[in-house]
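Here's the letter readout for the chains.
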Amino acid sequence: TKAKARYTDVKYEENSLILFGKETKGLPESFLMAHPERMIRVPMIESARSLNLSNTVAIVGYEYARQFDFSGLLDEGVLPGLS
């Protein structure tokens, strides 16, 4: 919640490590202060304290996957009644 860069502003490298903090505390402030240029955020409404951690992981994880053209993920489904 304290970062300036959006998660979509980052060009992720293959096999990036993305660290998420607890919903109640986030990551330790000493860690954040040591790496301010690597912090990212998911935009949210001002009155919210934070987003649900699992939702945040999904949002950022899918952005990472999108940047690698969803490599390794099923790209289309099959509707059994349509062939």
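Please read all numbers here as calculations on a predicted model, not as lab measurements. (Residues numbered from 1 in each chain as written. Predicted model: local features only at pLDDT ≥ 70, side-chain atom pairs only at ≥ 80, totals over all residues. Heavy atoms only, no water.)

1. A look at the environment of Arg6
Definition in use: Under the scheme used here, helices are H or I runs from DSSP no shorter than 4 residues and strands are E runs no shorter than 2 residues, and both carry numbers assigned from the N terminus. Two residues qualify as a contact provided that any one of their heavy atoms is within 4.5 Å of a heavy atom in the partner residue.
Mapped onto the elements of the fold, Arg6 is located in strand β1 (residues 5-6). C-alpha of Arg6 to C-alpha of Lys25: the two residues are 19 residues apart in sequence and 20 Å apart in space. Not counting residues within four places of it along the chain, the set of residues in contact with Arg6 comprises Ile40, Arg41 and Pro43.

2. Description of the pattern of salt bridges
Spelled out, the test is: Counted as salt bridges are all cases of a side-chain nitrogen of Lys or Arg within 4 Å of a carboxyl oxygen of Asp or Glu. Each residue is assigned to one of three classes by its accessible area relative to the maximum for its type, calculated with a 1.4 Å probe on protein chains only: buried under 20%, partly exposed between the two thresholds, exposed over 50%.
Using the criterion set out here, one finds two salt bridges in the structure. One salt bridge in this structure joins Arg38 and Glu37, with 3.9 Å as the shortest N-O distance. Classification of Arg38 as exposed rests on a relative accessible area of 66%. Of the residues examined, Glu37 reaches a relative accessible area of 59% and is grouped as exposed. The residue Arg66 makes a salt bridge to Glu63 at a minimum N-O spacing of 2.8 Å. Of this pair, Arg66 and Glu63 both sit in helix α2 (residues 53-67), three residues apart, which is roughly one turn of that helix. Given a relative accessible area of 7%, Glu63 falls into the buried group.

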